[in-house]
Amino acid sequence: HLIAGCADMAKAQQARQLYQEMVSSGIKPTNITLSVIIRVLERCRLLKEASALLETEPVAHGIVVEARVYLQLLRAHLRERQGRHAARLYRVMLAHSSPTDDMTADILDCCAKMNLPETFADIVDIAREAGLRFSPRAAEAISRGGTRRHRPQQQQGKHEFGRY
């Protein structure tokens, strides 16, 4: 795949150009092609562009995108602390694919680890609006309220390995 070879910033433009030339010449992109261009854009940290492509191209070309592609990009948005974009992409993911219960739990865990309680709440609300049932793992995360479990603080002056 020529597009996959463009996974650095200097070649993101080349990947976009190859994709556009392919589409313009009448070649219909596949799920794999779209997955690769999304991965290239994600690696180049062009997350908003990747999200826009993921929102428009499947509809324009009749592609059924696997939920894992949405999940990969959604995690990248969360790592970059782009909670609103992640929540929007989750809504798109639910509209166009069928994520597993574990995928939703994974997203909630990621929100908690990144300390994004508002995004956590948005994802829960979107999932509930869609009528999703939560896995036990997701339900546990929800019961914690989207916060990480922290290790108990050690008392001052006491060290795990004894005194000095």
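Basis of the calculations
Residues numbered from 1 in each chain as written. Predicted model: local features only at pLDDT ≥ 70, side-chain atom pairs only at ≥ 80, totals over all residues. Heavy atoms only, no water. Helix = DSSP H or I, 4+ residues; strand = E, 2+ residues; numbered from the N terminus. Buried < 20%, exposed > 50% of the residue type's maximum accessible area, 1.4 Å probe, protein only. Contact = heavy atoms within 4.5 Å. Areas by Shrake-Rupley, 256 points an atom, 1.4 Å probe, with all protein chains shown as cover. Core = buried A, V, L, I, M, F, W, Y, C linked by side-chain atoms within 4.5 Å.

Asks: Break down the overall build of the chain for me, citing the residues and quoting the values.
Replies: On a plain count of helices and strands, the chain comes out with eight helices and zero strands. Along its sequence from the N terminus, the chain presents helices and strands in the succession α-α-α-α-α-α-α-α. Taking all 164 residues of the chain together, 41% fall into the buried category. Taking the intrachain contacts of the chain between residues at least 6 apart in sequence as the baseline, contacts between residues at least 24 apart amount to 63%. Carbon and sulfur atoms form 50% of the exposed surface of the chain, whose accessible area is close to 10100 Å².

Asks: Give me the nonpolar core: which residues, what numbers.
Replies: In this structure, Leu-34, Ile-38, Leu-54, Tyr-90 and Ile-107 are the most contacted members of the largest nonpolar core, which totals 46 residues. Elements represented by at least two residues in this core include exactly helix H1 (9-24), helix H2 (31-43), helix H3 (47-61), helix H4 (67-79), helix H5 (83-96), helix H6 (101-113), helix H7 (117-129) and helix H8 (136-143). When residues in this core are grouped by element, the largest group, eight residues, is from H4. What Ile-107 contacts, discounting residues up to four positions off in sequence, is Leu-71, Leu-74, Leu-78, Tyr-90, Met-93 and Ile-123.

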